[in-house]
Number of protein chains: 4
Amino acid sequence: MEASLHELKLKVRDYECDLQGIVNNANYQHYIEHARHEFLLSRGISFARLHADGIDAVVSAVNMRFKLPLKSGDEFVVRTSFEHVSFKYIFHQDIYRLPDMRLAVRATVDTVCVVNGQLSDIDIL
Amino acid sequence: MEASLHELKLKVRDYECDLQGIVNNANYQHYIEHARHEFLLSRGISFARLHADGIDAVVSAVNMRFKLPLKSGDEFVVRTSFEHVSFKYIFHQDIYRLPDMRLAVRATVDTVCVVNGQLSDIDIL
Amino acid sequence: MEASLHELKLKVRDYECDLQGIVNNANYQHYIEHARHEFLLSRGISFARLHADGIDAVVSAVNMRFKLPLKSGDEFVVRTSFEHVSFKYIFHQDIYRLPDMRLAVRATVDTVCVVNGQLSDIDIL
Amino acid sequence: MEASLHELKLKVRDYECDLQGIVNNANYQHYIEHARHEFLLSRGISFARLHADGIDAVVSAVNMRFKLPLKSGDEFVVRTSFEHVSFKYIFHQDIYRLPDMRLAVRATVDTVCVVNGQLSDIDIL
C-alpha cells in the first residue's frame, strides 16, 4: 500500500443529515466515491470519460467502520490511497473531522474494471 | 443467526441510477437501511420514535459485496435476519433481483444503541 | 388537461427525512419523477430505453408548493396527469398523505424532448 | 430585492448525475438549499441550531427553470439574494456554470418560519 496519496476537504451539507441530526451512513459512501473520482481526475482520468470509452470502474466490495458521527456544519478531509492487487484496485479511505482530525470513518473499497460486460485487468492507474 | 425474518420487495427508481446506467452503490445502503427500519416496524419499533425517546440505533460497520448491478426497471427483494451479540445487533441482509432471484448484494451491518451519547446494551428487539 | 391518469402509492423512507424530522424538499422531486416514469412505463415507455435510443426527456421547469410535511412512516399517493402543449409535456402532480388524503405537495413539471442535443417535437405519449 | 448577496462555488459530484449523464434535477434543489444554509451561516445563523431552538425554516414553494444541464466535472457558482415580504423570505437563486458563466438554473424559493407548529413572522435575517 502506498502512503496517503490524495486529500479532499469537504463540508457536511444539511440535507445529508437524517432525522437523528447526523450524516446518514449512505452519504459517507458518496463522500468516498467523490474522493476517489477526484483522485482519478488528479491523475488525468475521468470516471465519466472511462464510461463513454466503454470502461466501467465498478465497486465490488465496501467495508466501512463508523467511529464518530459528522454533523451539520462539520468540515472533514477524505484521505485516499490504493493498492493494485491482481484484477482489483483496493482503495483505503479515511475520513477525519476537522479541525481536531479525529477519525470519523475508515473504509476499504474494492473496485474492478468491466469492459464490454467482462471483468478486465486493464491498468487505468 | 436466525433464518431470514423479513422480506421487503422494492423497485429501482431511475434517479437511483448513475451515469453508468446502474444503481449507484450508496443507494444499496439506502435500500438495506429502509429494509431494517421496515423490519423494526414489523415488530412495533419505530426508528423515529426511538430517536424521539433518546435512543439512537446507529450503524457501526457496513460490509457489502456487490455481485450483480441492478438497473432501471429492476425489481428486487431485500432479505433481513439478525443476531444479537453482546452490545451489537448484527444484520445480515441480501438483495436478490426479481424474478430470477440472482444475488445482487450481500451485506452485513453492525448496529449499536446509543443512549444520551453513551453506548448502551438496551434490548430493543 | 386530462383528469388524473395515474396513481402511485409510496411510503416515506427514513433516510429521506432531514434533521428537521420531515422529508427533505428535494425528495418530493424524486417522488414525482419516479411517478412520471412509472406513468410512462404504464404506457409502455421506458425512460432508460428512450435515453438508449437517443431521446432524452428533460425537465425544463418545476413548480412545487409544499402544503404539509410528510414524516417517517407516512404513506402517500402521487397523482399524475398531463397536457401536451406545443413542444412541452406539462405534468400536473399532486401528493396526498394517506389515509387522510390531505394535500402535501402540488407540482407542475414541464418537460421537453431533446434528440441529439436539439429540442424536438417528437410525440412520445 | 437586494443585489446578489452571497456566492457559493461548488463542483458536480458524479453520483449526482443520473443515467442521462447529467445532474438529476432534484440535486439542484440540494445545491440551492446548501447555498441558502451557507448564506445563513455567513450571517451567523445555523439551520441546525434554529431547529434545536424550536424554529424551523421551511420551504413553502420552489420554482425552478432549467436552462443548461450540468455534467460530470462541471464547476458552478450559486448566487443568492433574498427579499422579506410579509411572513416570507423569498430567495432568488441562480446557478451559473463555470468558467463560461452561462445560466444553468434560475430558482425562486419561498420560505417561512414555523415555531411550535405555527407560522411565525419571526425575523431571523
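Preceding this section is the structure that the text describes.
Residues numbered from 1 in each chain as written. Chains lettered and ligands numbered in written order. Predicted model: local features only at pLDDT ≥ 70, side-chain atom pairs only at ≥ 80, totals over all residues. Heavy atoms only, no water.

Visitor: Sorry if this is basic, but what is going on with the side chain of histidine 6 of chain B here?
Guide: Residue and element names in this part refer to chain B. You can see histidine 6 is positioned in strand β1 (residues 6–11). Judged by its relative accessible area of 13%, histidine 6 is buried. Contact partners of histidine 6, with chain neighbours within four places excluded, come to Ala35, Glu38, Phe39, Ser42, Val78, Arg79 and Thr80. (Helix = DSSP H or I, 4+ residues; strand = E, 2+ residues; numbered from the N terminus. Buried < 20%, exposed > 50% of the residue type's maximum accessible area, 1.4 Å probe, protein only. Contact = heavy atoms within 4.5 Å.)

Visitor: Can you help me understand the packing of aromatic side chains in this one?
Guide: Any aromatic ring pair is given by two values, namely how distant the centres are and how the planes are angled relative to each other. Summed over the entire model, instances satisfying the criterion amount to 28 aromatic pairs over all chains. Between phenylalanine 39 of chain C and phenylalanine 82 of chain C, the ring centres sit 5.8 Å apart and the planes meet at 50°, which makes this aromatic pair tilted. With phenylalanine 39 of chain C in helix α1 (residues 25–42) and phenylalanine 82 of chain C in strand β3 (residues 75–85), the pair connects residues that are 43 residues apart, well separated along the chain. By the burial criterion, phenylalanine 39 of chain C is buried, and phenylalanine 82 of chain C matches it. Judged by centre distance (5.7 Å) and plane angle (50°), the rings of tyrosine 28 of chain D and phenylalanine 66 of chain D are tilted. Of this pair, tyrosine 28 of chain D sits in helix α1 (residues 25–42) while phenylalanine 66 of chain D sits in strand β2 (residues 55–66), and the two are 38 residues apart along the sequence. (Phe/Tyr/Trp six-rings, centres within 6.5 Å; stacked < 30°, edge-to-face > 60°.)

Visitor: Sorry if this is basic, but what is going on with the relation of the copies chain B and chain A here?
Guide: Between the two copies of the chain lies a rotation about an axis combined with a shift along it. Expressed as a screw transformation, the operator carrying chain B onto chain A has a rotation angle of 180° and an axial translation of 0.0 Å, and the superposed copies differ by an RMSD of 0.0 Å. The two molecules are tied by a two-fold rotation axis, judged by turn and shift. By C-alpha distance to the rotation axis, the residue of chain B lying nearest is asparagine 63 of chain B, at 2.2 Å. Mapped onto chain A, 100% of the interface residues of chain B are again interface residues, and the two copies thus contact each other with one and the same surface. (Least-squares fit on C-alpha atoms with pLDDT ≥ 70 in both.)

These results come straight from atomic positions and should not be treated as a statement about function.
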